[in-house]
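Each chain, letter by letter, is given below.
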Amino acid sequence: MMIFCGNRILTRNGQYNFDDSDSDSLTVIRDSRTLPGVWGNLPAWREIEEPASLADGERLIGLRDLWHMAGDKAFSEASGALQFASWFMNANYCSRCGGKILPHDDDYGRECESCGAVFYAPISPAVITAVEKDGKLLLAHNAMWDEERYSIIAGFVEPGERLEEAVRREIREEVNISVKGIKYFGSQTWPFPNSLMLGFTAEYESGEVMPDGNEILRAGFFGADEIRKMNIPDKASIARKLIDKFLSEH
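Before going into details, it helps to say that this report is about the structure given with it. None of the values given here were measured: they were computed from a predicted structure.

So, how was this worked out
- Residues numbered from 1 in each chain as written.
- Predicted model: local features only at pLDDT ≥ 70, side-chain atom pairs only at ≥ 80, totals over all residues.
- Heavy atoms only, no water.
- Pairing = 2+ DSSP bridges.
- Helix = DSSP H or I, 4+ residues; strand = E, 2+ residues; numbered from the N terminus.
- Buried < 20%, exposed > 50% of the residue type's maximum accessible area, 1.4 Å probe, protein only.
- Arc of directions from axis to C-beta.
- Contact = heavy atoms within 4.5 Å.
- 1 Å grid on protein atoms, 1.4 Å probe; cavity = no way out; pocket = protein on both sides within 12 Å on 5 of 7 lines; lining within 4 Å.
- Points joined across faces, edges and corners; volume = space filled by probe spheres on them.
- Nonpolar A, V, L, I, M, F, W, Y, C, P; charged D, E, K, R; others polar.
- Phe/Tyr/Trp six-rings, centres within 6.5 Å; stacked < 30°, edge-to-face > 60°.
- Lys NZ or Arg CZ within 6 Å of the ring centre and 35° of its normal.
- Core = buried A, V, L, I, M, F, W, Y, C linked by side-chain atoms within 4.5 Å.

**Observations regarding the pairing of strand S12 (residues 178–190)**
No. 1: Sheet analysis places S12 next to strand S13 (residues 195–206), joined by ten bridges and oriented antiparallel. When the sheet's bridge partners are listed, Ser 187 is paired in S13 with Leu 198.
No. 2: In this structure, the hairpin formed by S12 and S13 is closed by a connection of four residues.

Encoded structure:
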């Protein structure tokens, strides 16, 4: 049983996934509601209101902190539970007829009790790409970030678009260059709120780096020694894994 308060997860003495007897002993459970969540390998969960206080050893932490505390498996489990919990809390009526939607008998879906339409938790795929040129890595500063933070280019996949097309389009739109040699790197669930990050590497092909001035304010190619001194993403993210891959090779 995982216990969430908004986007934070309750931990007690480093534990984040409680069995029924453990969860009943947690002092904040009196303010909770239980949501469905025992499907296959997906943990059950409860949602709680903001507690006035926490018992000894209890903490509410974000999922990035959970990754640092317990690693990839914990992050993935909590990510799935949190995304389902958010879906159950925020989407309760059929978009076709307005009827109530209830858990489906056969799978992770939910079915409208009025018209029978079946719905599934939304996932928003996004591509994130490490672009290399002459032993340097493309990093950019997003307008929404802290002043000195840099990362690699990312963006959501559009309807009807292949992943490779999304990689080329996002890089072209945000920094005005073309890339080649696109290779798949790996993926990561990213529940902020419901993304699936698909990581790629690519090589610079042509063009001059010019930030779009809207989403991206600064961008350029940086060497490994420069990057090690920069404010780059946390190690919990696939962005950092891609950057670390570049650093390990240079």
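What follows picks up the thread again.
**Observations regarding helix H2 (residues 63–70)**
No. 1: Restricting attention to buried positions, one finds in H2 the residues Leu 63, Leu 66 and Trp 67. When H2 is viewed along its axis, its buried side chains cluster within an angular range of 105° and face the same direction.
No. 2: The inward-facing, buried residues of H2 abut strand S2 (8–12), strand S5 (58–61), helix H3 (72–90) and helix H6 (238–249).
No. 3: One or two residues past the end of H2 sits Gly 71, with phi positive at roughly 95°.

**Looking at the layout of surface pockets**
In this approach the atoms are scanned with a rolling probe the size of a water molecule, which exposes any empty space left behind.
No. 1: Taken as a whole, the largest pocket encloses approximately 750 Å³ of empty space.
No. 2: Taken together, 28 residues form the lining of the largest pocket, with Trp 145, Arg 149, Ala 154, Trp 190 and Met 197 sitting closest to its centre.
No. 3: Going through the elements one at a time, strand S9 (124–133), strand S10 (136–142), strand S11 (153–156), S12, S13 and H6 are the ones with two or more residues in the lining of the largest pocket.
No. 4: Within the lining of the largest pocket, the residues separate by chemical class into 17 nonpolar, six polar and five charged.

**Details of the packing of aromatic side chains**
No. 1: Applying the stated criterion across every chain yields a total of seven aromatic pairs.
No. 2: Ring centres of Phe 84 and Trp 87 lie 6.1 Å apart, and the angle between their planes is 65°; on these two criteria the pair is classed as edge-to-face. Of the two residues, Phe 84 and Trp 87 are both situated in helix H3; the distance of three residues between them amounts to about one turn of the helix. Per residue, the accessibility class of Phe 84 equals that of Trp 87, and both read buried.
No. 3: Taken together, Phe 75, Trp 190 and Phe 192 form an aromatic cluster joined through their ring pairs.
No. 4: Lying over the aromatic face of Phe 88, Arg 110 brings its terminal NZ or CZ to 4.1 Å of the ring centre.
No. 5: The ring of Trp 145 has Arg 149 sitting right over it, with the charged end atom 4.7 Å from the ring centre.

**Things to note about the nonpolar core**
No. 1: Counting 39 residues, the largest nonpolar core has Ile 9, Leu 139, Ile 152 and Ile 227 as its most contacted members.
No. 2: Secondary-structure elements contributing two or more residues to this core are strand S1 (2–5), H2, H3, S9, S10, helix H5 (224–227) and H6.
No. 3: Looking at this core, the element that brings in the most residues is H3, giving nine residues.
No. 4: Listed in part, the 19 residues of the second largest apolar core include Val 157, Ile 171, Val 175 and Ile 177.

These figures come from the coordinates and say nothing about function on their own.
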